[in-house]
Each structure stands twice: as structure tokens, then as C-alpha cells.
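Listed below are the residues making up each chain.
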Amino acid sequence: MWISSRFFVILLLLNLDATCSEPFEAHLRGPGFVMEPPGRVEFSNSSGGWLDCSASGSPQPTVDWVHADGSAVTEIHGVRRVLRNGTLVLMPFAAAAYHQDVHNTIYRCIASNSVGRIVSRDVQVRAVVAQAYKVDVEVLSAARGCTAILRCVVPTFVKELVRVVSWVHEPAIYIYPSLQGDGKFHLLPTGELLIHNLQESDESQSFRCRSMHRLTRQVVVSSPTRLRINSHRGIISPSVVEHTAHVQVSQDEGAVLLCVAQGCPSPEYSWFTHNGAGPLPVLSGPRVRLLGPILAIEAVTGEDSGVYKCTAGNVGGEASAELRLTVATPIQVEISPNVLSVHMGGTAEFRCLVTSNGSPVGMQNILWYKDGRQLPSSGRVEDTLVVPRVSRENRGMYQCVVRRPEGDTFQATAELQLGDAPPVLLYSFIEQTLQPGPAVSLKCSAAGNPTPQISWTLDGFPLPSNGRFMIGQYITVHGDVISHVNISHVMVEDGGEYACIAENRAGRVQHAARLNIYGLPYIRLIPKVTAVSGETLNLKCPVAGYPIEEIHWERGGRELPDDIRQRVQPDGSLTISPVQKNSDSGVYTCWARNKQGHSARRSGEVTVIVPPSIEPFAFQEGLAEGMRTRTVCGVSRGDPPLKLIWLKDGDPLPDLLGANVTMLDQYSSLLSIPSLSATHSGEYTCVAKNPAAEIKYTALLQVKVPPRWIVEPVDANVERNRHIMLHCQAQGVPTPSIVWKKATGSKSGEYEEVRERPFTKILGNGSLLLQHVKEDREGFYLCQANNGIGTGIGKVIQLKVNSSPYFSSTSRSVMVKKGDTALLQCAVSGDKPINIVWMRSGKNTLNPSTNYKISVKQEATPDGVSAELQIRTVDATDSGPYFCRASNLYGNDQQLVQLQVQEPPLPPSVLEAAMISSRSVNIKWQPKTLGTGDVTKYIVEFREADHSLPPALFVDQWQQIEVKDPPHFNAMIENLKPATRYAFRVIAEGSAGRSAPSQELIVRTEPQRPAGPPLSLSARPLSSTELLISWVAPLPELRHGDIQGYNVGYKLSSSGNTAYNFTSVSGDGDGGNGELLLSGLAKFARYTVVVQAFNQVGPGPLSEPTAAQTMEDVPSRPPEDVRCAALSSQSLQVSWQPPPIYHTNGLLQGYKLIFEPIIDDIQPSKDEVESRKTTALTMVLTGLRKYTNYSIQVLAHTRMGDGVVSKPLFCHSEEDVPEAPADIKVVSSSSQSLYISWLPPNEPNGVITKYSLYTRVVNGREELNNEKRSLPSQQAYYEAKGLHPHMEYQFWVTASTRVGEGKSSRVSSQITTNRIPARIISFGGPVVRPWRSTVTLPCTAVGKPKREWFKSDVALRQGGLHNSQLLDSGDLIISSLQLADGGNYSCQVDNGIGTDRLTHTLIVQVPPTAPVLYVTSATSSSILMHWKCGFTGNAPITGYTLFYRRANGNTDEMQLSRHASSHELKGLMCGSTYQIHLSAQNKVGTSPTSTILHVRTQGQSPGHPASTALLAPNSTSLLVRLHSWPDNGCPLLYFVLQYRAVTEDPDAEWVLVSNALKPQRRIVVNNLQPSTLYQLRMEAHNVAGISQAEFNFVTLTKDGDPPPPEIMHRGRSGQTTVIFANINLLIPTIAAVSGMFCTIIMIIVCYRHKQSQIQKESLENRANSEAAQRERYYATIHKVSMQNNDKIPETSEDISPYATFQLSEAGGNMSQPHHGGPANTLLHSFMYHERALAEGCSSPPPAASKNRRRHSRKTEPESEESESDQDQLTSSRTESSNQHEGKIKHSIIYHGAQSSTSSDLSPMSEQKSLPRRGRSRYHHQQYQFSTNTTPRHHNSNKMNNNTTSNTNTTATNTTATPSTSSNSNKILSPRGGNLKSISSTFKSQDSIQCHIPTLVKSPSISTQQQKQFHKQQLQNSSNNAQHSSSNPNSSSLKQQQPLLITPKLHQLEANGQELLGLDGIGNSPLVACMPPSSQFRPIPHKSIMPAHEPPHHHNHSQQPHPHHQQQQPQQPQHPGTLLNPSTAMLSSKFFTAPTLPK
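The rules behind these values
- Residues numbered from 1 in each chain as written.
- Predicted model: local features only at pLDDT ≥ 70, side-chain atom pairs only at ≥ 80, totals over all residues.
- Heavy atoms only, no water.
- Helix = DSSP H or I, 4+ residues; strand = E, 2+ residues; numbered from the N terminus.
- Buried < 20%, exposed > 50% of the residue type's maximum accessible area, 1.4 Å probe, protein only.
- Salt bridge = Lys/Arg side-chain N within 4 Å of Asp/Glu carboxyl O.
- Phe/Tyr/Trp six-rings, centres within 6.5 Å; stacked < 30°, edge-to-face > 60°.
- Contact = heavy atoms within 4.5 Å.
- Pairing = 2+ DSSP bridges.

Participant: Mind showing me how you'd approach the overall build of the chain here?
Facilitator: Counting its regular elements, the chain contains 15 helices and 148 strands. Counting all 2038 residues of the chain, 48% fall into the buried class.

Participant: I would appreciate a short explanation of the pattern of salt bridges in the present structure.
Facilitator: Where side chains of opposite charge bring their charged atoms close, a pairing between them can arise. What the rule picks out here adds up to 48 salt bridges. Measuring nitrogen to oxygen at the nearest pair gives 2.7 Å for the salt bridge that ties Arg-565 to Asp-584. Here Arg-565, found in the loop between strand 53 (558-559) and strand 54 (566-568), pairs with Asp-584, found in helix 3 (residues 581-584); they are 19 residues apart in sequence, far enough to count as distant. A single burial state applies to Arg-565 and to Asp-584, both of which are buried. Between Asp-1121 and Arg-1123 there is a salt bridge, with the nearest N and O atoms lying 2.8 Å from each other.

Participant: Quick question: what am I supposed to make of the packing of aromatic side chains here?
Facilitator: Here the distance between the centres and the angle between the planes together describe a pair of aromatic rings. Within this structure, the stated rule accounts for 28 aromatic pairs. Judged by centre distance (5.2 Å) and plane angle (80°), the rings of Tyr-518 and Tyr-546 are edge-to-face. Taken together, the residues Tyr-518 in the loop between strand 47 (507-517) and strand 48 (519-523) and Tyr-546 in strand 51 (residues 543-546) connect sequence positions 28 residues apart. Look at Tyr-518 and you get partly exposed, because its relative accessible area is 35%. Classification of Tyr-546 by relative accessible area gives partly exposed; the value is 29%.

Participant: Is there a simple way to explain the environment of His-1284 in this structure?
Facilitator: Residue placement: His-1284 occurs in the loop between strand 112 (1277-1280) and strand 113 (1288-1296). On a C-alpha basis, the gap between His-1284 and Val-1257 in space is 9.5 Å, while along the polypeptide they are 27 residues apart. Beyond its immediate stretch of four places on either side in the chain, His-1284 contacts Tyr-1289 and Thr-1312.

Participant: I'm lost on the sheet that holds strand 28 (residues 317-328) in this one. Help?
Facilitator: Remark on secondary structure: sheet strands pair via backbone hydrogen bonds, oriented parallel or antiparallel. An order of 21-28-27-23-24 is seen for the five strands of this open sheet, with the pairing classed as mixed. For this open sheet the edge positions go to strand 21 (246-250) and strand 24 (280-281), each flanked by a neighbour on one side alone. By the bridge criterion, two bridges tie strand 23 (residues 268-273) to strand 24 in an arrangement that is antiparallel. Its bridge partner being in strand 24, Thr-273 is matched across the sheet by Leu-280.

In C-alpha cells form, the structure reads like this:
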């Protein structure tokens, strides 16, 4: 029995040990800072410093200090100590003992205990070694009547530690900082002293500045400074001299924004805030005070932060400054949860919550620490830290550290505890078998949380307690428990099953293994076992000995088991489950036996105890205070002894509770409470215990309690501007809610709820916190508490705001004259009564009774009291500070009133510069003796000496430096501007004042690199690949020398490359504007551009980059992945993808879908090409042809137009039911048969699968029979046999596709008869066949008729046509079809009974004829051409092929769309001739090519500039204006430039400047000698050629004067020599001059010879003029300026046939901005009339708008010589062979027949008014082709005499006069050799290229128009003849005659209109005296040929056209053609020519 008792005690001890460990661990708490050291500590070496740090925790943490690197802070004797309380002391030290690592370093405080450790914020320690310093006073400005600003200048090394505390107004007036001054003096919070309204008397006053070192508290006072007042009171615009750019304050603090400006008059200040959408003025309010230069804000909030702008203005202007206010709102950092318990292996998650005023704060810089060490960032996501798989190493302290950008840090701590983890065995022992005697050791190791306890058992019972057994246990550093059992001398009875059990509150685990000792069986003593009823009992037989054969259990003599609940395990243990008290209690016997038969037995007692069970109980609901309640706790079962106890909230019932407990019996307990109160609420637990178990049951009792006051609110008073807490706390069940309300009026009036807002906080406990209380918070407040029980409670209190006296300003100043009465006033606000006392110097109270000079007055005001002190007859002794002191019950305040009584003393010489550099000048001087006193200092004043500015602008602009060492009469002035003229003067100052300034010294500093970038940098796109960069030179003061050029850098903004591509542009030295054209850029790309200037020293800084985007362009790639799918028979769905992004070249506006059906019509009646636009990537096409193949193309378009079209995609619409068969015939083939035939449907809408023939028999109106018969799709006939005679049969047919049956044909009826008339059952109609094929024309008939075939009513016989054959069946076969075989073929049958006729229309398709190609315009790199199709060959045109090649180059070809009627060839070479021809294709073949056109692109080799425009020499340099070199239309590539001095040696060497000089505006040639004659040789290169010229120039003298006359004379003798380096240009020039000379002589001779024939020819001309005018086009070129009243002719009748039209100026489109000057190219204007073209051909060229927007000249950059540039732009020039002038671009005026307008012709300029000119006579006898070539630089007087429109222009008029003489070779014919003679004169650059199209439609002119035109011509011809005799310029007018060329004609006919063809034979090219143009029309002219001219023979027809015979019966049948030489948009070289010989 004693063994079982001991076992029970051991178990209790083990349990007690385990339970005692739980509260120990629960009380552990990690460290937390009680006092964390500040982030920054500063101290002086004289005072030392200390850092406090304390922490709390359990156990109490230890505090240590470490460095930033983590190393420990140790004590240094005499320097640094660490106290026991954690304070780090830095002791005072000498300056020599300063250590960087001690006195200027970062410290951290660490608090640690057994739970973990935490680290404080970084503490930046800075020790300042005290140094002596001096402060000076600087006077910023002092003008009479204005405000002076005095600044206290503190040395920079102590500036941040020193602040100005006051100023001393000598002798003893102290001025202290205030927000508002006293009217005279105002000391700003930043230390500046403002002195307002300066007077002369202020000049005698002195001021000193008092400063204090904030660490050492040392006060340093400056030396006195007197004001020097500038008597000149001019208007000085304000300038801000001081402003607090950035103010940073904490929330609820006061902020002061300062902005001080100087100016005269004193500026007025305005304040604005930029925190919203726009600037808003700052208004005064309860927290905001506007005090002039000060903006004061009390109790700032986060909403106050932002940008503020102060503006200071007076009559002279205004100045402004921006200030930024940053409000550092305090943030609160918290880790949720702050204590986290996680089981081992689980996941821990901490979240760092950062809030400010209760609101979450956005992204912050968050760092996580674990036990003082920073964690890597991999484990956290933003503000959350996740610790996965928690182990023992993860427990400890975690810190969240938030670091703000301002540098301050905030932190929070959290503790990670290991949660209850059940034990885990880490190590266990194994089974062993031993002999008796040796020692044995058994070991177990376990881990868990809390730390598990390990106990040992032997066969389920405690280990024997004898000396051989020893149990040991210890805990490792990792928390693992290791326990072992040592047996010193093992014996047989020690054998058995040993078990180690590890257990903690989370669970238990055990391990068991046998220890076998050889020996006989032995059973140890079995203790008494107590079992619990209902549970499982496991009895182990404690048997020893080995081996054991068997183990048995017995009870009452019976072997177990004898019950189903009992089981003997293989190891011999007995298990009973479940245990029952009655049947299982008793004595059990265990016996064991070995194989030898030896056995042992032992018995033990088992007692069964039943555990208690409590019946559920509960308290009733709705119990309130004062009520009674009771409840019974009854135990339904359980063995005694039973014990029943009651607990409340887990603790025994307190005696004060008043609860009664009564035991009803041993199984029941009654709890009664006679009177309930709030204290009775809680959880009541009944505990029933017996030896088996302890059972608890808990019920909740809740007593409803109405609210009652814990802290009742009371009335309160608060001083103004302070905080107050109104307490209001109530309790009740449930907890009541607290609401505060404020009365809107009286106490009994309405109340409104007080809500949380700035400065009003409602705390969680119900208290109301009011901050910065003002008078508006005064009133009645109601606190209400309610919890739903009862009506609630409330209390009204009154809050009074007590205002202590306060003044609106802290100081004032009063200034009076001596002898006057001083009136000192002060107005004070606050609660009354207020007592006011006046004091002198702050200590002497002024009393009128003791001082007869003073009197005091006082009166009440609504806000307080106003007081006044009068001092009569003041003198100097009355000056000083006076104080108005006000006091009341709540405080006092005083105002300083300064009283000032006003009372009312020569220059250095020989000033010179000892040293001059770019930034400094050393000035020295000599002193003069002074009559009074010594000189205390010298003041050196200096300013910039800019003579271009008036002296008035230099008032008060002098800068000063002081020299306080009089023996050294020199000074170094630094920080000057390079390359700048300065004026210096010196002033001596002594005790009596300052001297007058010395004489000024003017000095220019040396140059430096430019310090400023170019300004106004702009980039403007000119095209999709060009940017025009322009800029302005740097500010003159930043150039630091003469600007010599600029470097322009550019790069793609989107590229990651940071390097720029630079190109240089030379400057002109004067710092003018610059520009550069960047070309070859990416389209629609954004570029970043910078510019830097460079001078003779080097380059300056880069400008701020500017960005520009090249213009949009059309997409260069088509849409991709175009797909098509048929949706139905009339709809297709098309989809695509956008073009590649890099090829869109702009913002896509949408897509255009172009589609057309692929049909094989003869000639489509309409163009079925359709287009639709969309912005989507898919489109459904509806309304299409059924079962039709469509060609589909897609293009993308931008704002600039359409892009590249995709390749055609072919898509077929689906099938549908067919239309009705086209026709049906029913004829009688016999008396009982009918023959039916039909035509297929015109629209089969699919593949015909069958025909359905419907038959209906009709007898009168009665339908007798109806049947349907299906026929194959190949059969289009049927013979119905076996029919009834004389019956009416009706037939109709339908066609079917796979979709279904279509519409039916018409119903055809026939009556069977015996008489069979001849009828044709075949069908006629059009038959289309290609040429050279065979066609069969059927003619199948019934009735055995006779057949006849006709062609156009002409009978055909067998063999009548060579290629036809008549078959017996009646069919006609025609083979080898030709175009002539086309026509109507008729077949007629007749058999005497009837007749019938059938007609076939045969259409033969042949290849088309050649198209008519003509050129519209040409530029330097493109040619625009149009064409008209000829005969299409009865088949649609499928496309065009364009062939072109450069002269002597290879032929290129280009496929063009069949819809195209024009094309522009781009990318051509400038100034080159191209051969162009075109062919058309249809399905049959290709047409012959069109006439080869020879077109020359614009441009020539460079011209030559005038030397005066090109060269500008200086003394030692030459400025070459390269931009003045004319490029003649082709951009210049580079220059070769060399020079040499003109000496006696003709072979002097040339100095090469550059052999590849890029085109630029100008270049400077340096290193020349003054007064020297030089020779300059230059070459200009472009694509078209080279030009070379030499120039002589003379440099100026050294002083810049003109050179001596003898040198000038030498220079004139060697004037500019033009050298033609190209011999190919020189020879034609000589030949042309000779030819022109001979031509002039021949003209004079012929003129006299023909003069007599003029009258006769004039009469002939009049007789034939009517017919001639019908087909004549007139337009000639005229170059004059327009008058304002000139009108544009509206109609063709308004235009004279010889009218001349003015040239418009150059349009902006074609100009090259970087090729300025004369290199312009104008395009001529011309008028044109035409009718619509033939049907079926391409459309005519579009017409230009009648009223064009005028282009500005500003698109051309202005050249340097504005006068000459104006002449160049306003004068009209022509070109000659030896004078190369710039080309002026001409615009096109195009008039169509319908006056349609379009802008497709490019480029075009405006259409200007065309002044009418007198018409010259029209001569028939001769051709005269005259060119008036007057250079613009020669003989301007002569030019002025020849003008008619008030301009300096010369008209170039090209005319031709036809001849009627017998000399026929004067006719310019394309067939004869005369063309060669003419061509030989075209070799100059003014020669014509004549292109004549081969197909022209004859215009039609009404008879009325002809008569009116003819009459006008005759009248003008006579007028001009009279005018010619009187006008000296009439000879030139006579030359303005049209050129007539006689071409070869063909007669064609198309669509019934007459067409005239022109052809050329032989090697001579076709002549067209105009550039190829859509406006060009060669007109047949029939009235000008001589009567004896033999007609030319035509190739195709020998018969003249009847129309010709009718119109011209007397004239030969070879008409001439009048060509218009001016209808072209090309330069004049295309249509001017030398005069032709007579």
C-alpha cells in the first residue's frame, strides 16, 4: 500500500512541477523602450552631452550602447562613460582631444533580456568645438523715404549654430524679434532688421546686432554700423532679397513664412497659395495672420502644407518668390499583433501599421529588425513580415522601423513567442539483453514548448528507489531536454519494459523498450491501482528474468480474459476497456513461467472510481439591479467523497459580493443573490471534484445597469490659445456611448453634435479635447451617456475662454522732433478689467504726479482698453524704450514703444589696375590726407560699365567691398564676369563719415568659355523627316567673349542612349540668332535637341534640352494579316492587323477598305471600285454581288493621308438562288411536238445544277394538266413530243443552284398546229471574243427554212469573207478574229409559212492603244505626270507600266493601278534629264508605249554671288557669307575655299582653308594681315555640277579704318574673275553668244524686208480669226508686281488672247529653309481651259482652287542684306548663259471646264490678280521666239524705265509669229530638219524642251464667243499698232507672240468626238514648247498655213476630215498647232529660248 501511495505522490509532484513552469514562462516579456534617445544630439566641447536610454521588460532588460557597425561602445577615461542606468555620457573635452569616432558619429542603444533584444534609432552625435567668431552688419539698401534692410552677417562656419536674438539701437534701445514691427523698426524672426520711412536724421544713428550661439549660449555683438542714406529717391522696382524657401514644422506648431523685398517706395505684399487648381489669395483668419513680409500660421495642419507665393509690388513693378511649407505630421507606428504566439512549424505574420492622426499613411520606407539585426528584404511584402516554418530560433523581438524622407525615424516592437508545441522525442534508447552485473545507461531527449518534463517508468510503475538507480536531467541551449537513467550494477529483478515519458501542457509522448536480464522469472511488487470508470485500464505485469515463455492473469481463481472487455496483450499486459466499477474492482494476479518450468506470481488490487457529472444550469435573462436570482448546481453521478465549490470569473466568490451558497445535500449546491447590482455581472462556475476527476460548468450572469457617472462633467475655464480637456465618463451595462453637443445659442436652446475635426478630438474614454481654444469655442456643452437602459443621463456645462491681455504687435516706434509732444499709444485686447501701467526702460513706472511732462489717458474699447501716454517738450533725454504693460486676472503682456528724438560729417587718387584676369581685377590707389580723423576703412565700389544703357539705370547698382587695412592701398575684386567692362571707384570712410568717390577706372576683363547656354531653343518640324532648330545667342553677360559658333546635338527621345549626335554651326561673332535644319530623321519620332555656344576659349554649357516631333506621314507599310471570309451571298467579313508600329509614321486615324468585283465585262458600265473607312480591325461588306470573286485591299491612313495598300486578297461571296432565265422560246416543230429553248440567267448567283421546265395545258380558261421536268444544267432546250393537236401549251423555266431554285422565266405559250412556220430557236445578242480566236454564231431553226446571213445589212455568201464559213446547220464560223470583224450579224429564215430574224453583236477584244502621257510638273527631285487612256480595245484596262530612265542610265519600270491617272516619280536626281513612257494592259495584251517624253528635273550647277554680298573683310579676318551663294535649285554639297596674298610673285602658294566645307551660314577666315590685298578662290559643288570663282579683297587697317587708296586701287584692277572650270559649259556659251549676235542681224534685215507686207497679212489674219479662235489657247508668262486694284479674270472672255500674267512669289512648300538668299525657285502661273475627257478613260487632272491662301515670305530665312533680299524676292529674273541667277518658283493656276477646285497639284501658290496688257500684233509670216534676259544686277535704271507696274522687274515674254511666205522651212515641224537648226540654239540653259502629246480632244467654242473674241482681237491689234509707234518699248511688245509649230496629224474618232493625233518620225524627238503638263493642250490651228503650202501625207488616211473642209475651204489640209509655252509648273529653263532667226 505504501508503494501505491508513493507512486501517487510522485505523479502529483511531476504534475505540480509542470504546472509551476507555466506561470513562469507566461510572465516573460520582451524589452521595450521607456525613454528612447533622440535622433540628433549636438553639444559643445565645453559643456559635454549625454544620451538617456531606458527600457522595461521581464526580466528587467540591460541597456548597452553600440556603434553604427554593431561594435560595442566602451568607456574612454575622461572622454566617454556608460552609466549603470543606461545613460551614455560624453564629457567636456579640449579642442585637441576631439575624436571623430567619438564626437561625430552614430550611436545606438540596445535593450536586451532573455526574450530578445531591440535597438533604438540612429543617434547622430555631433560635438562642436567652440570657436571665436565675429558678426558684421550689412546694409542691403537705404534710400530716403523707403525701407532699409540690415542683415547680421554671421561667418559660415557657425551660421547654423548662431541666431540673432536682438538689435541694439544705440545707445540702449533693444529691438526684439516679432511678427509685427512697431511701425519704425521690425526685427524679423530670421534676424533681418527693417527700418521703415528713412529720413535724414536716421543717418546719424548706429545699430548693432546681438547673436547667440545656441550650444554655448555665448552672445556676440557686432560693431556699430551707421546708415548711409541715399538721398536720391527714385522709383526702384522690388527685388526679393531674403525668403525662407523651405519651412518645415511639426503639426500643431506655428509656422512663419518670411519674404523680404527691397524697393522704393516700400513694396506692398500679397500672399497666394498654390495648393489647388490655381493660385488663391491667402486671407487672414483665426489662425492666419498677414503681417507684410511675414505670413504667420498658428497650429498648422497637414492641409496647410504646400507652395506659397509672396508678391511684393510698388509703382515700379513687382517681384515674387515661392516658399514651400512642409508640415511634418506625427506618425504612429504599431505592429499588429504586438505579441504573437505561434506553434513550432507554423507561420508568423506581422504587419507594420503606420498612421497619422488615425489615418493610414501611404508607402513608407520600412525596415524590419530581429533582435537588433536588420532582416533581409526577401521575407517581407510591403508592410508585412512573414516568418514561415517557425522554429525556436525565430522567437524573440521584432522591430518595424519607418524612416521618413526628412530623416526622422519611428519604430514599434513586437514579440514572437513559441506557442504550445507537444513534445517530440529527439533521441531514445533501444532494447537490450544482458547478463547480470554490468552498469546500464538509458537516455531520452525531447523538445517542445513549454520545455517538456521527462519521467521514467518500469512496466508502467515508478522506478525502484534504491542506490543502484540514478536519474539525471538537463536542458540544452536550444531548449531540448535530455534525461537519462543509470543502473550501476544490474540485477535480474531490474529487467522489464522501461519507458521515458515527455510531457508538457501541449501533450505527451513516450518511448518504451525492454531491458532483458538473464535469470529466473521474478515479479516485482504491484502497487494499488485506481481506475476511472468509463475509461481504459492497462495493467502491466512487472515481470523480470529472461527468457520468459508465458504470462497469465487471474482473478478469483479464473484465468483472464473471461469477458469481451478484457484482453491479454502479447507482451503480457492486461487491457480492460471500458472499466466498470462493479465488475472490475478486485484483486488481480499475474504469473510468469519460463521454458524450464520455473514460475513466479504476484497479486495487486484495482479500485474503480466514478467521476462526477454536473447537470446544466443557467441564469434567467433580463435581470436588472435590485432583482433577486438563484440557481442550483447538481451532480448527477460520481463517487464520494464529492466537493462542490463556486467561482466567479475564475476566482472564489468574494465575501463582499453578498452571494449565499447553501448545500442542499452532498450532491447539490444552491447559489442565491438577494439583491443584484452591477458588480454581480460575470461568469459563475460550479466545480465538482472527487479523486477521479474535477468537472466544471459555467453560466453567465448579466445585470443590466443604466448609465451613471464615473467622471461627471463640470464647468471649466481656459486661457485663450491653450488646450483644455472636458472630462465625461459613464459606466453601465452594456457600456454606454458618450456624445458631446454644443449649444447654438443660449443654454436652453438648440444643441448640435460636436464632431471630430482639426483641434477638436473626442477621446475613447469620452473626454473632449479642445486645442488652441479661441473665443468661438466659448459656450454651453452637453455630455450625454446612453446604453439603451432607461433614458440615459446628460449634463450641461459652461466653457469660458479667459483671455489674458495681448497686443496686436510686440513693438512700435514713435519718432518726434525735439520740443514737440510725443504721443505714445497702445491698444490691448483681453478680458476686463485690464490694468495698464507705463514704464520707462522696463523698470521705472511713469506717474503724472511725479513727472509734470507726462499725462496718461485710458478708455475702454469693445475688445479691451486703449491707453495713451503724452510727453510734452521732448528732448534727447526722453529717447528710449517705453513699455505699455497690461494685466488682468489671467495674465499680463507688454508692448515696446520706442521713442526717438531726432537731432542733426574726402577721395583716393591715382586709381589703376595692377592685374586683370577673366574673373578678378587687382585695384590699387594712393590715399589723400584727410583733414579730420584717420581713415578707418576703404570701400571699393564697382559695377558693369555698359555704355549702351542710360546712367539712370545704374542708380544704387554699385557693389562694395571693404578694405579695413589702410596701409595696404589695394584690393582684389573677384567673382567678376569675363569679357566685361567694369567701372571702379574707391571711397574712404572715417569716424566722421564717408568721402566722395574717386574718379572711375574702366577695365575690361579677359574672356572665358561661355557660361550660359543659348536661349529660346526651339525645334519646329518642317516635314516628317526634318526639324528646323533655332535659338538665340546666350545672354551677353554670359558669353564671356565673342561667340564663334554653336554645337547642335540631337538624339531620339525614346532611345536609351544618353549621348547626342553633334554638328557644328559657325557663328558670326556678334552673337546673333542661329538655326540649323536637321534632315534624314525618323518619321513621327520625338527628338531631344541641345545647343551649346563656343567662343575663342572653348565651348559653353549645354542648353536645356527641348523636344520636338517630326511631322506625321502616311504609313509606310500596309496592314498585316489581312483575312477574308464569306458570311453570305452578299456579305464578306474582312479582318486585319495594324501595320508595324514603327511604320505607322503617325497616329492612325483609321483604315480604308478598297474592294471591287472581278468581272469580265466588255466595258464596265461603271467603276465598281468601292472604298469604306473604319477605325476597327474588322469590317463586314454588305450589298455585294452574289457569288462573285472580289479583290480586297486594305490601307491605313493617318492625318497626312493614305498609306501603302496591301496586296490584293481575293474572296468569293457565297452562292444564292439564281435569277430567272434571261429568255424563253417555244416554237412548233411538228403537229404533235413543240421545241422549247431558253437562255441561262444573267445572274446565275452560283453554279447551275439543273433546270426545271414547267408545262401547263390550257383549254380555254381551263387548266387541264400541269407537270414539271428536271433537265441537266448543260441542256438549254427541250422538245416536247406526243402532244395533243390544237391545244395551247404554256411553258416556263427555272434554274437551280445548290442553294435552291431560282425565279421563273416568263411564261411562253404555243398552240400545236399542222402548219410549221419558220422560227429560229437560237438566241442573239452580244458575243465577246478576243482577237485571233474563232467564234461560232448559231442560227438553229424549225420548219426546214431557207437561211440568209447579213453583216450590217450586207448579205454574206459562202466564202464572202476570207475568214468565215457557213455550216449546213446554219451556224456561221469566223476564225482569226480582228477588230474589223466586229459588228452586227443577222440570220434570216423563211419557209413560205413564216419568217424570223436573229441578230448577233460581235465584239472583238484587242490590246489597247497607247495612252497619252504628259508631265504636269517637275521639281528638283520629282516629276508629276498625268495620262489619258486611248481606245481600251473593248476590254477593261487591267494596269499600266511606267518606264523611265535617266540619261545614259538603265531603264526602270513600275507597275501602276488600272485606276490611276497620275503618278509622281520621287527620289530623282536634281538637274537631270529623264526619258519617260507608259503602256497600258488589258486582258488581251499590252498597248504600244506612249511617246517618249524627255523631262529635266529642276536645278543647275551653282551660280555665282556678288562679292559684296559674299565677303566682309575685317582687320585680321574675313567673313564669308556662304548662304549668299546661289544653289540654282540643287542643294549645295560642299565648298572648297583657299586664299593667298596678292604679291609680285604670280606663283604664290594658296592657303587651303577647307576642301570639304559644309554649307553653313557663314565662316570666318582668321590670321590675315591688316591692310593687305588678298585673292580668294572658291568652288561650290552640288549634284548638277561645279562652279568656281575668284575674288579680290583688302583687309582693314589695324584700327579698323579703310585701307590706303593705293591698295584699294590694286584691288579694283583685279575685280572678280569668274572661271568656268567646266569646258563643256564654256564652249556652248561662246557658241550661243555668236548665234545670238547673228540672229539679231538677221532679224533687222528681215524686219525691213517684211515691213511692207504687214498690212496685207493683217487683213488675212482678220478673215480667218473666227475659226482660229475656236481651237486656240492663250497664256503667256509675265513677271510684274500687282497693284492693289488688279482683279483676277473670272471667265475666258475676260482674258486677252495675248494677255500676260503676273508670277506669284515662292510658295512655302518647295523652299529649302537652309538654302537662303537667291537660291529660290519660282514656279510660273498660267491659265488653262479644257473640256471633260473621253468616257471610260481616266479622269482629268484635278484643278487648283480659284482662291488660294497666300503663302508668307517668312518661310524663307532672311538673309543678312535685307535690301538685296527684298530685291531678290520682288524682282523677276530670267536666266542667261553667262549670268547664273537663282530660280524663283512659280505657282500653277489651273482652270477646268467646270471650275472645279482641288489641291492635288503640288506645289501651288495663290492665284493673284492678272493685270491686262496691250496685245501685240499677230504675224503669219514668221516665227519669232524672243527672250529678254536682263540681269537684276545690271543697269537698274534701265530696268526701272521698262517697268509698267511700279516694280523693278523685266518681263520675259516668249512669243512666236507664224509665217505665210513660201519659205516653208521656217515652220517648226517635227518631221523636217528644221528642228535640228532650232535645237542647235537651245544649248544654253534657257533652251526649251518641247513635248507634244499624241492625242488631243478638240474643244468647242460657241459662235457668240468666237465673234466677241475675234472682234476684241482686231480692236486690240490696231490699238497695239498705234501704241507701238509711240511707245519706245514697243519693240519688246512685238516680240510677245505665240509660237506656232506644225505637227503631223491623225484623224481618230472616239465617242463621236473629233480627236487630232500628233506623231513624229525619224530621230527627232517630238516637240512641245512647254514642260509636260496636265494643263498642256496642243490645239489644231487651221487659219495660218500659206495657201501654196503642199499638204503632208498621212500614214493612215488620205482623206481630209470633212470638218476641216467645211471650216477651211481655202486653206491646205495640214493644220498647224498653237503651243502655249507657259502652261507648266517648271523653272524658266524649260520654256525660254534664244530668239529664232527670221
